[in-house]
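Chains, contacts and geometry: an overview
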Amino acid sequence: MFKKDLSPSPKQKLKSSVQRSLRSSLLATYPLLTPHIDEILPKKASLESMKLPDRNTLYVLDSEPLFYQQDATTLLPHLKLVHRFPGGFPTVRIDRGAIRFVLSGATLMAPGLTSKGGRLPVEGAAKALVEGEELQQRADDEGRWSRELAKGEPVVIVAEGKEHACAVGTLVTGTEEVKAKGKGPVVEDAHFLGDGLWNIATD
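Residues numbered from 1 in each chain as written. Predicted model: local features only at pLDDT ≥ 70, side-chain atom pairs only at ≥ 80, totals over all residues. Heavy atoms only, no water.

Right, let's talk about the overall build of the protein chain for a bit. Looking only at helices and strands, one finds seven helices and ten strands in the protein chain. Taken over the C-alpha trace, the protein chain has a radius of gyration of 17 Å; the compact-globule value for 203 residues is 17 Å, and the two agree within 12%. Over its C-alpha atoms, taken along the principal directions, the protein chain stretches across nearly 45 × 40 × 25 Å. Buried residues in the protein chain amount to 46% of all 203 residues. Considering only contacts in the protein chain between residues 6 or more positions apart, those separated by 24 or more positions represent 59%. Of the roughly 10400 Å² of accessible surface on the protein chain, a fraction of 50% belongs to carbon and sulfur atoms. For the protein chain, the separation between the mean place of its 27 positive charges and that of its 26 negative charges on side chains is 2 Å. (Helix = DSSP H or I, 4+ residues; strand = E, 2+ residues; numbered from the N terminus. Rg over C-alpha atoms; globule rule 2.2 N^0.38 Å. Buried < 20%, exposed > 50% of the residue type's maximum accessible area, 1.4 Å probe, protein only. Contact = heavy atoms within 4.5 Å. Areas by Shrake-Rupley, 256 points an atom, 1.4 Å probe, with all protein chains shown as cover. Lys, Arg positive; Asp, Glu negative; His and termini not counted. Charge placed at Lys NZ, Arg CZ, Asp CG, Glu CD.)

It is worth spelling out the nonpolar core at this point. Within the largest apolar cluster, 33 residues are counted, with the highest numbers of intra-cluster contacts made by L26, I40, L47, L52, L58, L66 and F67. Residue assignment for this core shows that the elements contributing at least two residues are helix 1 (16–29), helix 2 (37–40), strand 2 (48–52), strand 3 (56–61), strand 4 (64–70) and helix 3 (79–84). By residue number, the principal contributor to this core is strand 3, which donates four residues. Mapped onto the domain boundaries, this core takes at least three residues apiece from domain 1 (11–84) and domain 2 (91–192). (Core = buried A, V, L, I, M, F, W, Y, C linked by side-chain atoms within 4.5 Å. Domains from an automatic or database assignment.)

Looking at the secondary structure, you find A28 in helix 1. As for A28 and E134, which are separated by 106 residues in sequence, their C-alpha atoms are 9.7 Å apart.

Turning next to the sheet that holds strand 9 (residues 167–171). Ordered by their spatial adjacency, five strands build an open sheet running 6-8-9-10-7, and the pairing between neighbours is mixed. Every other strand in the sheet has two partners, leaving strand 6 (91–94) and strand 7 (108–109) as the edge strands with one partner each. (Pairing = 2+ DSSP bridges.)

Okay, the layout of surface pockets next. Roughly 270 Å³ of volume is contained in the largest pocket. Looking at the lining of the largest pocket, the elements that each hand over two or more residues are strand 4, strand 9 and strand 10 (185–192). Residues that form the lining of the largest pocket fall into these classes: six nonpolar, eight polar and two charged. Formed jointly, the lining of the largest pocket draws a minimum of three residues from each of two domains, domain 1 (11–84) and domain 2 (91–192). (1 Å grid on protein atoms, 1.4 Å probe; cavity = no way out; pocket = protein on both sides within 12 Å on 5 of 7 lines; lining within 4 Å. Points joined across faces, edges and corners; volume = space filled by probe spheres on them. Nonpolar A, V, L, I, M, F, W, Y, C, P; charged D, E, K, R; others polar.)

All right, on to the pairing of strand 4 then. A large share of strand 4 lies buried, amounting to five of its seven residues. Two strands pair when backbone bridges link them, and strand 3 and strand 4 are joined in this way by six bridges, in the antiparallel orientation. Its bridge partner lying in strand 4, L58 is registered against Y68. Taking the residues that link successive antiparallel strands as the turn, the strand 3-strand 4 hairpin has two residues, and the phi of D62 there is positive, at about 50°. The turn linking strand 4 back onto strand 5 (residues 76–77) is made up of five residues, and D71 within it adopts a positive phi angle of 50°.

Within this structure, the stated rule accounts for eleven salt bridges. We note a salt bridge from K11 to E48, for which the minimum N-O separation is 3.7 Å. With a gap of 37 residues between them, K11 in strand 1 (residues 11–13) and E48 in strand 2 connect regions that are remote in the sequence. For E48, a relative accessible area of 13% translates into the label buried. Note that E160 is salt-bridged to R96, the shortest N-O span being 3.8 Å. Of this pair, E160 sits in the loop between strand 8 (154–159) and strand 9 while R96 sits in helix 4 (residues 96–102), and the two are 64 residues apart along the sequence. Within this structure, K11, K13 and E48 form a network of salt bridges that share partners. (Salt bridge = Lys/Arg side-chain N within 4 Å of Asp/Glu carboxyl O.)

What follows is the structure in structure tokens.
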């Protein structure tokens, strides 16, 4: 989606009511950010938005890109935010062989996750978030997420042998189905390290 370089557009300050609604939407989607929300979006912060191609909007605070959104769909974190709060987002892990494909903007296919170096949620993982236990979800020492992730859910992609996440996207197939079928697309149009969104000038 952001394979090409992006030209920055003028930033617009957001009304405090819009900021409040974005803040609650961010917490509803990523409950694990709750302990960090005042650091990410301080109450008196002046959040700005920047229009991007293909009906995308980037939200920026003090020149720091935080998250983006296409039309009025789910907020997705910018990788710079993911790198600051790596434990705040559901993750899957790709094997070494899939890294160059993901970093060229290719669709993430199931074999990159089902192979020896890939990591999908733990066997027997909960099928969905249990209300009141949102803050209990996490990746185990092996890098396997504690619950299954559903189609349409945002996910952070980490890579075997690498410290920082390499991409962010939306699942086009739920993780349970990926385990069962072992083939087909899993994440399309991801935002990845070195793409136009990563390199955009926001100051």
